[in-house]
Amino acid sequence: MKTELFPHADSARGSALKVERASVTDPLPDKSVPVPSLSLGEKARRAVQPQVPYLTGLNLEQRRAVETLEGPLLVLAGAGTGKTRVLTTRIAHLIATGRAFPSQILAVTFTNKAAREMKERITALVGAVAEGMPWLGTFHAIGTKILRRHAELVGLKSDFAILDTDDQIRLLKQIIRAENLDDKRWPARQLAHLIDSWKNRALTPDKVSAGEAQGFANGRGAALYKLYQERLKVLNAVDFGDLLVETIRLFRENPDVLARYQDRFRYILVDEYQDTNVAQYLWLRLLAQGRQNLCCVGDDDQSIYGWRGAEVDNILRFEHDFPGAAVVRLERNYRSTAHILAAASHLIAHNEDRLGKTLHTDGAAGEPVAITGAWDSEEEARQIGEVIETLQAQAHPLSQIAVLVRISAQMREIEDRFVQLGLPYRVIGGPRFYERLEIRDALAYFRCVVSQADDLAFERIFNTPKRGLGDATLQILHAYARHAGIPLMQAARALIETEELKPKQRSTLRDLLAAFDRWSRQLETVPHTELAEIVLDESGYTTMWQNDRSPEAGGRLDNLKELIRTLEEFPDLQAFLEHVSLVMDASEGDSHERVSLMTLHAAKGLEFDTVFLPGWEEGLFPNQRALDEQGRAGLEEERRLAYVGLTRARKSARIMFASNRRIHGLWNATAPSRFIDELPEAHVEVKEAPAAFSYGNYGRSRFDQGSGAFGSTYNTPGWTRARQNSGPGFGAPTGAPPGGRRGGGHGHTIEGEIVARAAASSAFRAGDRVFHQKFGPGTVATADGNKLTIDFDKAGRKAVIDSFVKPA
DNA sequence: GAAATGCCCCTTTTT
DNA sequence: GGGGCATTTC
């Protein structure tokens, strides 16, 4: 069977598929399965050694997914069906059979964690060869790598900086203000989201439709986007979205470059394909066009990143986009008990937009999914604590228990309870290490040491710790930097030579620049970890926190120490900064004997014996906002999230809801989630709350009302949110000029900067009458380049920079 | 220029 | 319930 000589022929595929699905319960792999399109030599080799060790233990479907090597392949891998195993084995297989060198395989994951795990598992299979898999990584990491090699082709230098969300928003705010828009009414954060969503769809500024640009600043969204991109180029920086969009542009504009990568990547593998967005899809398609050896693994039922631009459509349309694609379904679940699997399957079956899979297991029935109500969210937290303590008493390892919440705001109450009980726990994906204030400050220092052109970093630490340099000083620096088209630090260098700044600021700035010069020189001579400490100490940053009396100061100092320790793992500061900008998650602490607490999103790909699922209430889960903004699609994504939550559990899943929950500090009555009604009765069990927590009749009556839900007459709860999101003031006055950028402007335009740069030598000579904003009218005494000495009528003789004076 | 106070936004999820 | 931001006050 399965002599698939023509992997692209549909008829052959169809029959192979039927055979396999019919024999799905047969656990014995067919030893005589030949690999498609092998060379004769290889066939002979395999005949001698038919059972390659790494292939043993795969079921038929998995094996087919591993061995269908040529042509496009979609592997629909349900939860717990051995997806990662298939991917890693497939790579091992490619290497072991000599079809490709590790460096010729492109393997893309969505998260760094997944990439790390895959690398480890491949190494386990084929040995250290996997170390040489330079193209295994996230979309963004690989995009960065490619972009650095060809930076000049897209108008960058190869040492471009990668901005994080924070930098991005600060930059956008500057642009919004420079355009004389009210940054209160048009928040930079909103524009950042908008630009992100455009980049997710690979839309460059000129491709943004007028309709979409309409929503922001009366149609100036696209223009602002354009300014932002121009500004990024000047700063030699990219944001996250650019790592993909710019790579696509690179490929499109340089077919020769693209051809080289198409040629290099003999086999392409993609993990979590359901999470890809349009840009990622285009990126993949460009690369796969050459050899067509694209293998995408995913599960449409676990697509939970739609809000971030992921297109379930990518996976739904795969066969259409890649004609002749083979499809393998992995439906045999090795993780959960039959009850849990049945509950999850039944729930997800309520979705309409899905390719459809039926998971099955040979495992035990186990215990039904438990459903428990609580009077309020505090009681819910107490119940979780209570049950966990019971489990703990029964020697259930805490590391095998997880609490999965819909939104991170739910965590606080649960954490509080755990702290009270002294229950060890860890929060996964919580406030990210590299996003902490003190870490970002420290990184900004390092960035400035490495590159004195990093304006955003310089701005950040310019007056941190407080050194008496305020907004006024910064404005002057900015003004000059913009005029001259130079970075802020360079502008500062010029300004300390003149008298634009007050003496105090001037000398402070001089000291700061001298310090940076010193540190930059030490890059060559001092080990980087040592240098990092020197920078933090000499800048006064460490001292600042040591003198801080606030309770968190100690923790911040610890974090800084941790940062230095992490630094040791990298050869130099540059490498470390590169890592940080792409990998925002720090090394996860030990998972020993701690309960894990995380959001449902963070839980994807993980599994635990016992899983608590609190907060299954209308409005919270499904989340009202998802419903309001995305309608049925939003609901379906929420349902997939519920499905992901349930399928994390191996042995025990406990769904919980509270009748009252505090939202924004106010108590609200809540109704049980509709998802609870969608569970199959045969596989769930409604449990009473532990007696100690049944708070008399109030709770009971509310609860009973809610639990009517288990009957068949559950309708939309009387909980319809009246709040209509009718944003204020969208009907802007019609008098505004249509989309046109304000003429004249403020000398902040890129063009302006370029012009200013070109005319670097001064337009003034001795004797000219000039006017200075601060010092008033005066006469030029001497002119040295752009540095002038002027005798002011009132202020006396001052050294100034020419861009601050106008001819009078 | 810096600290203190007061106001307003928000809260889904994250590479 | 809280954090960011602007205004106020020193």
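Look up: the structure comes first, before these words.
Given the structure is predicted, the values throughout are model-derived calculations rather than measurements.

Right, let's talk about the protein's contact with DNA strand B for a bit. Residues in close proximity to DNA strand B total 24 residues, the closest being Arg308, Arg406, Ser408, Arg625 and His664. The contact atoms of DNA strand B, taken as those within 4 Å of the protein, divide so that sugar and phosphate hold 62%. Within the side chain of arginine 308, a nitrogen or oxygen atom sits 2.8 Å from a sugar or linking oxygen of DNA strand B. Between DNA strand B and alanine 472, the relevant distance is 3.3 Å, taken from a phosphate oxygen to a main-chain nitrogen or oxygen of the residue. For the surface near DNA strand B, the secondary-structure elements that each account for two or more residues are helix 21 (471-484) and helix 29 (624-646). Residues of the surface near DNA strand B, tallied by class, amount to 7 nonpolar, 11 polar and 6 charged.

This next bit is on the protein's contact with DNA strand C. The local shell around DNA strand C consists of Lys173, Arg177 and His664. Contact between DNA strand C and arginine 177: a phosphate oxygen at 2.8 Å from a side-chain N or O atom of the residue.

Right, let's talk about a negative patch on the surface for a bit. Together, Glu530, Glu533, Asp537, Glu568 and Glu569 make up a region of like negative charge exposed at the surface. By the element assignment, glutamate 533 lies in helix 24 (residues 528-538). Classification of glutamate 533 by relative accessible area gives partly exposed; the value is 42%.

Before going further, it helps to spend a moment on the packing of helix 11 (residues 240-253) against helix 12 (residues 255-264). Helices that pack against each other are described as a pair by the angle of their axes relative to one another and the distance between those axes. Packing of helix 11 against helix 12 leaves a shortest axis separation of 5 Å and a crossing angle of 105 degrees. Considered as vectors, helix 11 and helix 12 are oriented roughly perpendicular to each other. For the pair helix 11 and helix 12, the contacting residues are Leu250, Phe251, Arg252 and Glu253 in the first and Pro255, Val257, Leu258 and Tyr261 in the second.

On to the sheet that holds strand 21 (residues 805-807). To summarise the sheet geometry, strands pair through backbone hydrogen bonds and adopt either a parallel or an antiparallel arrangement. Strand order across the open sheet formed by 5 strands is 20-19-18-17-21, with antiparallel pairing between neighbours. The sheet is open, and its two borders are formed by strand 20 (796-801) and strand 21, each paired with just one other strand. Across the sheet, the mean angle from the axis of one strand to that of its neighbour is 40 degrees, orientation sign disregarded.

Here we come to the pairing of strand 14 (residues 649-663). Extensive coverage of strand 14 is indicated by the burial of 11 of its 15 residues. Pairing analysis gives 6 bridges linking strand 9 (residues 369-376) to strand 14, with the strands arranged parallel. The partner of alanine 370 across the bridge, within strand 14, is arginine 654. With 5 bridges connecting them, strand 13 (residues 608-613) and strand 14 associate as parallel partners. Of the residues in strand 14, the one forming a bridge with phenylalanine 608 is alanine 649. Strand direction decides the pairing type here: strand 14 and strand 15 (residues 666-669), joined by 4 bridges, are antiparallel. The residue bridging isoleucine 663 from the neighbouring strand is leucine 666, located in strand 15.

Once that is clear, we can look at the side chain of asparagine 351. Within the element layout of this structure, asparagine 351 appears in the loop between helix 16 (338-348) and strand 9. In this structure asparagine 351 comes out as buried when scored by relative accessible area, which is 6%. Within the structure, asparagine 351 has its side chain in polar contact with the side chain of arginine 639 (distance 2.6 Å). Apart from the residues within four sequence positions on either side, asparagine 351 is in contact with Glu636, Arg639 and Arg640.

Another aspect to go through is the sheet that holds strand 1 (residues 73-77). With parallel pairing, the 6 strands of this open sheet are ordered in space as 3-2-6-7-1-8. Strands at the two margins of the open sheet, each flanked by one partner only, are strand 3 (136-138) and strand 8 (326-330). Pairs of neighbouring strands in the sheet enclose a mean axial angle of 15 degrees, with direction left out of account. With 3 bridges joining them, strand 6 (residues 267-270) and strand 7 (residues 294-298) adopt parallel strand pairing. Across the sheet, the residue bridging to leucine 269 is cysteine 295, located in strand 7. Across the face of the sheet, helix 3 (residues 60-67) comes into contact with strand 1 and strand 8 while running at roughly 145 degrees to strand 8. Contacts from helix 4 (residues 83-96) reach strand 1, strand 2 (105-109), strand 6, strand 7 and strand 8 within the one sheet, and its direction differs from that of strand 6 by about 170 degrees.

In this description, a pair of aromatic rings is defined by centroid distance and the angle of the planes. As enumerated under the stated definition, the model contains 24 aromatic pairs in all. With centroids separated by 6.5 Å and ring planes inclined at 70 degrees, the aromatic side chains of tyrosine 281 and phenylalanine 322 adopt a geometry described as edge-to-face. A residue pair is termed long-range when its members are at least 10 positions apart, and tyrosine 281 in helix 13 (residues 278-288) and phenylalanine 322 in the loop between helix 15 (318-321) and strand 8 qualify at 41 residues. Across this residue pair, the class does not change: tyrosine 281 and phenylalanine 322 are buried. Consider the rings of phenylalanine 775 and phenylalanine 792, whose centres lie 5.1 Å apart with planes at 50 degrees: the pair is tilted. Here the residue phenylalanine 775 occupies a position in the loop between strand 17 (769-772) and strand 18 (776-784), and phenylalanine 792 occupies one in strand 19 (residues 787-792), the gap between them amounting to 17 residues.

This paragraph deals with the pattern of salt bridges. A complete count under the given rule lists 51 salt bridges for this structure. Among the ionic pairs, arginine 632 bridges to glutamate 636, the shortest N-O distance being 2.9 Å. In this pair, arginine 632 and glutamate 636 are both assigned in helix 29, 4 residues apart and thus about one turn of the helix distant. Given the relative accessible area of 42%, arginine 632 is considered partly exposed. By sharing partners, the salt bridges in this structure join Asp164, Asp166, Asp167, Arg170, Arg440, Asp441, Arg447, Asp454 and Arg460 into a single network.

Reading the values: the criteria
- In this numbering scheme, every chain counts its residues from 1 along its sequence in written order.
- Working convention: letters from A go to chains and numbers from 1 go to ligands, in the order in which they are written.
- Given that this is a predicted model, residues contribute local features only at a pLDDT of at least 70 and side-chain atom pairs are listed and counted only at 80 or more, while totals for whole chains, interfaces and linings are drawn from all residues.
- No hydrogens and no water enter the side-chain calculation; it runs on all heavy atoms of the structure.
- The nearness test applies per residue and asks whether one of its heavy atoms lies within 4 Å of the molecule or strand.
- Polar contact is defined as a pair of N or O atoms within 3.5 Å, subject to the rule that within protein one atom must be able to donate a hydrogen and the other to accept it, and that residues adjacent in sequence are counted only when both atoms are side-chain atoms.
- Put simply, DSSP marks the helices as runs of H or I at least four residues long and the strands as runs of E at least two long, and each gets a number from the N terminus on.
- The classification used treats Ala, Val, Leu, Ile, Met, Phe, Trp, Tyr, Cys and Pro as nonpolar, Asp, Glu, Lys and Arg as charged, and all other residues, Gly among them, as polar.
- Patch building starts from residues that exceed 30% relative accessible area and form no salt bridge, then joins like charges within 9 Å and nonpolar side chains (Val, Leu, Ile, Met, Phe, Trp, Tyr) within 5 Å.
- Computed with a 1.4 Å probe, the accessible areas rest on the Shrake-Rupley method; for each residue, only the protein chains presented here act as cover.
- Any carboxyl oxygen of Asp or Glu that lies within 4 Å of a side-chain nitrogen of Lys or Arg is treated as forming a salt bridge with it.
- Lys and Arg are tallied as positive, Asp and Glu as negative. Neither His nor the chain termini are counted.
- Lys charges are placed at NZ, Arg charges at CZ, Asp charges at CG and Glu charges at CD.
- Buried, partly exposed and exposed residues are distinguished by accessible area as a fraction of the type maximum, computed with a 1.4 Å probe on protein chains only: under 20%, between the cut-offs, and over 50%, respectively.
- Here, axes are lines fitted to C-alpha atoms. For helices the fit covers the stretch in contact, and angles between N-to-C directions go from 0 to 180 degrees.
- Here is the rule for angles: anything less than 35 degrees is roughly parallel, anything more than 145 is roughly antiparallel, 65 through 115 is roughly perpendicular, and the remaining ranges are oblique.
- Any pair of residues with heavy atoms lying within 4.5 Å of one another is described as a contacting pair.
- Pairing between strands is defined by DSSP: at least two bridges between them are needed.
- Stacked, tilted and edge-to-face are the three classes applied to pairs of Phe, Tyr and Trp rings, where Trp contributes its six-membered ring and a pair requires centres within 6.5 Å; stacked means planes under 30 degrees apart, edge-to-face means over 60, and tilted covers the rest.

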